[in-house]
Amino acid sequence: MDKWILIDGNSIAYRAFFAMPPLTNAAGLHTNAVFGFTTMLLKVLEEQKPTHVLVAFDAGKVTFRTESFAEYKGTRDKTPSELSEQFPLIKEVVKGFGIRQFELAGYEADDIIGTLTRLADEQGVETVVVSGDKDMLQLASDKVTIALTRKGVSETELYDPAAVHERYGLEPLQIIDLKGLMGDTSDNIPGIPGVGEKTALKLLHEFGTVEQVLERSNELKGKLKERVEENKDSALMSKKLATIFREVPLAEETGNFAYGGYEPAELAEVFVKLEFKSLIERLNLSAAGVVSSEPQKELTLLPVEIGDTAAREALEVALRQPGAFYLEAIGDNPHHAHLIGAAYAAEEGVYAMDADWLQSPDAEGFKAWLGDSQAPKIGCDLHRAELALISLGIHLQGVEFDIVLAAYILDPTATDQTISGIAARIGLPSVPTDESVYGKGAKFKVPGKEALYAHLASKADAVRGAAPLQRQQLEEQGMNHLYYELEQPLSGVLADMERQGISVDAESIRQLGAELEIRIKADMAEIYRHAGQEFNINSPKQLGEILFDKLGLPVMKKTKTGFSTDADVLEKLEPYHEIIPLILHFRQLHKLQSTYVEGLLKEIRQDSGKIHTYYRQTIAATGRLSSQFPNLQNIPIRLEEGRKIRKAFVPSEPGWFILAADYSQIELRVLAHISGDEGLTEAFTEDIDVHTKTAMDVFGVPQSAVDSNMRRSAKAVNFGIVYGISDFGLSQNLNITRKEAARFIDQYFEAFKGVRKYMDDIVLQARQDGYVTTLLERRRYLPEIGASNFNLRSFAERTAMNTPIQGTAADIIKLAMVKMQTRLKAEGLRSRMLLQVHDELVFEVHPDELETMKRLVPEVMESALELNVPLKTDVSYGANWYEAK
DNA sequence: TCTTTCACG
DNA sequence: ACGTACGTGAAAGAC
């Protein structure tokens, strides 16, 4: 069975160019579009396994379309030179893959593809068209599927005729009519002015084609009728321009684009020139023998075996010299990770040890070194290593530099924070990925000693190579303080908290579970009664069928796969059917049961009755922490039912207290500081309730006139401001129209002019620098800030507004944590810091220290960083986390 | 493995 | 005209 892939080369190149962050090779050649194009190609080849592949390109400016309409594509900006210089490279890549490419003077890529799909239809060949251009949907048929790229280029969405119908309610050929009516600004196709997608779809659903719309325009009313009648010619011409020409005189025989796979050596040559190291790695092209253009220094591997005294002594000497170590701990949860080996990269070579050695008496010297606070250490993910070493009775100390933490500070959004990813970014010799050495999922397997040594050595060597380069980058980017004074020390503080863990009373959770069990069963019975049948309420698919097919409730929102049944939708459906509140209630209880009762019980350690979470310091793009195994940053609080879970979080020693302190309005205080807005600053210096103050200024009323509804709206506006406001988002949140939301926002910015200026300035700054920063110089890159795609750009703009706020708040509490731990130790207190929940710290407190801690905790938190407005905390304590409210 | 839903700040 | 609030992690079902 043949399978054809037809790729719209120009469209994909454009998409790739705008979707990918800038990228150049050493010669200064831009390569981002080439890279995006290549990853798309690889993915399609892998997924579709085609027998024939062809990439079509536009040829020249003049086509039969410009002959009939000179302005066609007339408004399009000139292709940026950064992109046009990449076309020859893309063609080289295509050639390197051994894929046929084709262009024909006077025709565009779409026409070539359209003609080939006609052949595919005639001959009954399965075909996939890859493009970023919605116009292509007109080609969809039984045999022909259109793969449209979405966000980026390597992800695509497949459209067969049913999917086109699903999305637009149109047959594929009517896509042409759609364009005829609405036009296309990017191609300068006029359409009918004032008619956009909404109106065009409405017209087509009623009349079917452009011709019918024009013929029966007397059935239309008002402005729309006028516009249609005035622009009949324009509509017809637009339809003609949007019609893909499917009779291009192709001399092509289909055999000419048969695809037989690529020659590794040829592809490797192109990739080397482009410096696509990750792709060379991924395709294992180094084996093709072409890649060793720069002679790679062989690693000197120095295995340390049990009983080999000379090797052990050499290692112990090396440990006192500069070097870098790597510790391999297998498993996601570092508290239960399994040590399988270690390596130390020194001047003379890389020492490598396996698990047996680590557990033998030979390792005593190495272990002592790990615990020696006077022995400086350079390593990789030492926070994780520190936890993994607990089982060996080792308390890791003397951490000086961690390449994963540094990589996160240098670029928190980099997707690959593994050693091989870091090595690739920084330009070191490539390091095999863990997946390539260990396999993944069920196939995971630790290889034999030799392969393991080689892998660990390669990693330790990369750590040794990366550290000085990263230190230099941190220095250059003014991030020394952030790294050495904040993140690095915090890593140890987090490990302390995690090692300590928090005591959880299993019995009280079980009891809550038993109560929930009864109520869940009762809800289920009621729901089945209303539905008239039993079904899986947890299945969005089955629930959707019951609600919307069987009970005929109105569909509010759809997801990619069917009906949406989220809480937002259900709340709107409440008036329609008695089953709805039951489902909401069931969902709430079931969530508590599965995630919190059962989930937490699984995490309580039998021996100690404690839960030890794992804070991840290198995940969140804004600088926040995240928490896993289990997540203790999302324990219920908003609803009383769930809040009860907190009663199970108790002190680990009798008579002690749980004390919690949270920052009050830290994000809005940060905003007041960085924007310098007068009104907002005043709210905090005068200690007025900030939402009330916002309501007063937005609605222009005195404090006495602010009712709870006004305050609620003002609160939502404040949230919106912090998130990077959009009228749509606010309207969703408050369940009001977009217009009303827009008015609120206008009034807000009128009242808080300093905030408006900050929002405008930060977006400009992001556009100029390509990144935004927090008060402590934490940086987040926003490559999409200049995207031409509205969605991508808007998202980047909101992120530019939000990240300095959320990130600075994260900086502040992290500072407080480091200082807090120092103070607890310096003052010889027995109380311990246990948890962090973004703006809250939780402690267990010795009764004798209660008064001290009630004073010390807020003092440290409020003075963590001096702003132009005061920082404020609320402190409370009790016998458990619930009581500390 | 991906998608949907929902818990938190 | 575009189709959205910012940042996370876990459970369950669908594929």
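Residues numbered from 1 in each chain as written. Chains lettered and ligands numbered in written order. Predicted model: local features only at pLDDT ≥ 70, side-chain atom pairs only at ≥ 80, totals over all residues. Heavy atoms only, no water.

Asker: How should the pattern of salt bridges be read in this particular structure?
Answerer: When the charged atoms of two side chains with opposite charge come close together, those side chains can pair. Overall, the coordinates contain 50 salt bridges when judged by the stated rule. Between Glu 851 and Lys 854 there is a salt bridge, with its nearest N and O atoms 3.3 Å apart. One end of the pair is Glu 851 and the other is Lys 854, both in helix α37 (residues 850–862) and 3 residues apart, which spans about a single turn. Judged by its relative accessible area of 55%, Glu 851 is exposed. Exposure remark for Lys 854: the relative accessible area of 28% places this residue in the partly exposed category. Each of the salt bridges in this network shares a partner with another, and the network as a whole consists of Glu 487, Arg 778, Asp 811 and Lys 814. (Salt bridge = Lys/Arg side-chain N within 4 Å of Asp/Glu carboxyl O. Helix = DSSP H or I, 4+ residues; strand = E, 2+ residues; numbered from the N terminus. Buried < 20%, exposed > 50% of the residue type's maximum accessible area, 1.4 Å probe, protein only.)

Asker: Looking at this model, I keep getting lost on the side chain of Ser 458. Mind explaining?
Answerer: Relative to the assigned elements, Ser 458 resides in helix α22 (residues 449–476). Beyond its immediate stretch of four places on either side in the chain, Ser 458 contacts Leu 299, Val 431 and Pro 432. (Contact = heavy atoms within 4.5 Å.)

Asker: Which parts of the structure should I look at to understand the protein's contact with DNA strand C?
Answerer: Residues in close proximity to DNA strand C total 39 residues, the closest being Ser 539, Ser 626, Phe 728, Phe 790 and Phe 795. The contact atoms of DNA strand C, taken as those within 4 Å of the protein, divide so that sugar and phosphate hold 63%. A distance of 3.1 Å separates a base oxygen of DNA strand C from a polar side-chain atom of Arg 738. Note that a phosphate oxygen of DNA strand C is positioned 2.8 Å from one of the side-chain N or O atoms of Arg 780. Those elements that provide at least two residues to the surface near DNA strand C are α25 (540–550), α27 (579–603), β16 (626–628), α32 (708–723), α33 (727–734) and α36 (790–826). Here the surface near DNA strand C is built from residues that sort into 10 nonpolar, 22 polar and 7 charged. (Near = heavy atom within 4 Å. Polar contact = N/O pair within 3.5 Å; in protein donor to acceptor, adjacent residues only side chain to side chain. Nonpolar A, V, L, I, M, F, W, Y, C, P; charged D, E, K, R; others polar.)

Asker: How should the packing of aromatic side chains be read in this particular structure?
Answerer: Given two aromatic rings, one states the distance between the centres and the angle between the planes to describe the pair. Counted under the stated rule, the structure contains 24 aromatic pairs. Geometrically, the ring pair formed by Tyr 344 and Trp 369 is edge-to-face, given 5.5 Å between the ring centres and 85 degrees between the ring planes. Of this pair, Tyr 344 sits in strand β9 (residues 338–346) while Trp 369 sits in helix α17 (residues 364–371), and the two are 25 residues apart along the sequence. Assessed through its relative accessible area of 1%, Trp 369 is described here as buried. Centre to centre, the rings of Tyr 771 and Tyr 781 are 5.6 Å apart; their planes meet at 65 degrees, and the pair counts as edge-to-face. Of the two residues, Tyr 771 is situated in strand β19 (residues 771–773) and Tyr 781 in strand β20 (residues 779–781); the sequence distance between them amounts to 10 residues. Judged by relative accessible area, which is 27%, Tyr 781 ranks as partly exposed. Here the guanidinium or amino end of Arg 167 rests over the ring plane of Tyr 168, the centre of that ring lying 4.4 Å away. (Phe/Tyr/Trp six-rings, centres within 6.5 Å; stacked < 30°, edge-to-face > 60°. Lys NZ or Arg CZ within 6 Å of the ring centre and 35° of its normal.)

Asker: Would you mind going over the protein's contact with DNA strand B with me for this structure?
Answerer: Neighbouring DNA strand B are 22 residues, the closest being Arg 587, Lys 591, Ile 637, Arg 638 and Asp 839. Taken together, the sugar and phosphate atoms account for 75% of what DNA strand B places within 4 Å of the protein. One nitrogen or oxygen atom from the main chain of Thr 565 is found 2.8 Å from a phosphate oxygen belonging to DNA strand B. Between DNA strand B and Asn 634 there is a distance of 3.0 Å, counted from a base nitrogen to a side-chain nitrogen or oxygen. If one sorts the elements of the surface near DNA strand B by residue count, α27 sits on top with 3 residues. Counted by class, the surface near DNA strand B contains 7 nonpolar, 8 polar and 7 charged residues.

Asker: Could you clarify how one ought to interpret the UniProt feature "domain: 3'-5' exonuclease" (unreviewed entry) in chain A in this entry?
Answerer: Feature annotation in UniProt assigns "domain: 3'-5' exonuclease" (unreviewed entry) to the following positions: residues 304–475. As a span, residues 304–475 carries 45% helix and 17% strand, and end to end its C-alpha atoms are 36 Å apart. (UniProt positions renumbered as here; feature names shortened; annotations may be inferred.)

Asker: Honestly, the packing of α36 against α37 in this entry has me stumped. Any pointers?
Answerer: Contact geometry for α36 and α37: axes closest at 9 Å, N-to-C directions at 140 degrees. By crossing handedness, the relation of α36 to α37 is classed as right-handed. Between α36 and α37, the contacting residues are Ala 816, Lys 819, Met 820, Arg 823 and Leu 824 on the first element and Met 853, Leu 856, Val 857, Glu 859, Val 860 and Met 861 on the second. Classifying every residue of the contact of α36 with α37 by side-chain character gives 8 nonpolar, no polar and 3 charged. (Axes fitted to C-alpha atoms, helices over the stretch in contact; angles between N-to-C directions. Left-handed = near helix turned anticlockwise from the far one by under 90°.)

Asker: Help me understand helix α12 (residues 232–242), please; the structure alone is not making it clear to me.
Answerer: Because the α-helix completes a turn every 3.6 residues, residues three or four places apart line up on one side. Residues of α12 that are buried: Ser 234, Ala 235, Ser 238, Lys 239, Leu 241 and Ala 242. Angular distribution of buried residues about the axis of α12 spans 160 degrees; they occupy a single face of the element. What points out from α12, more than 90 degrees from its buried face, is the exposed set Asp 233 and Lys 240. (Arc of directions from axis to C-beta.)

Asker: Explanation requested: the side chain of Ser 503 in the structure shown.
Answerer: Within the element layout of this structure, Ser 503 appears in strand β13 (residues 502–504). Judged by relative accessible area, which is 9%, Ser 503 ranks as buried. In contact with Ser 503, not counting residues within four places along its chain, are Gly 609, Lys 610, Ala 648, Phe 649, Val 650, Pro 651 and Ser 652.

Asker: For this particular structure, what's the right way to read the domain arrangement of chain A?
Answerer: In many reports, interface size means the accessible area that the parts give up when they come together. The domains assigned to chain A are domain 1 (3–255), domain 2 (301–404 + 436–500), domain 3 (503–611) and domain 4 (669–776 + 787–805). Taking only C-alpha atoms into account, the centre of domain 2 sits 45 Å from that of domain 3. (Domains from an automatic or database assignment.)

Asker: I would appreciate a short explanation of the pairing of strand β2 (residues 52–56) in the present structure.
Answerer: Along any regular strand the residues' side chains alternate between the sheet's two faces. The buried fraction of β2 amounts to 5 of the 5 residues, a majority that puts the element mostly inside the structure. Residue alternation in β2 divides its side chains into two sets, His 52, Leu 54 and Ala 56 and Val 53 and Val 55, and both sets are buried. Bridging between strand β1 (residues 3–8) and β2 involves 5 bridges; their strand directions are parallel. Across the sheet, Ile 5 pairs through a bridge with Val 53, a residue of β2. Examined bridge by bridge, β2 and strand β3 (residues 100–102) share 3 bridges and lie parallel to one another. Note on β3: the bridge partner recorded for Val 55 is Gln 101. (Pairing = 2+ DSSP bridges.)

Asker: Help me out: how do you make sense of helix α19 (residues 403–410) in this one?
Answerer: Along α19, 8 of the 8 residues are buried, which leaves the element largely enclosed by surrounding structure. Along α19, the residues that are buried comprise Ile 403, Val 404, Leu 405, Ala 406, Ala 407, Tyr 408, Ile 409 and Leu 410. If you follow the buried residues of α19, they end up packed against β11 (377–379), β12 (399–402), α20 (419–426), α22, α23 (480–500) and β20. N-cap assignment for α19: the residue whose side-chain oxygen lies 2.9 Å from the backbone N of Val 404 is Asp 402.

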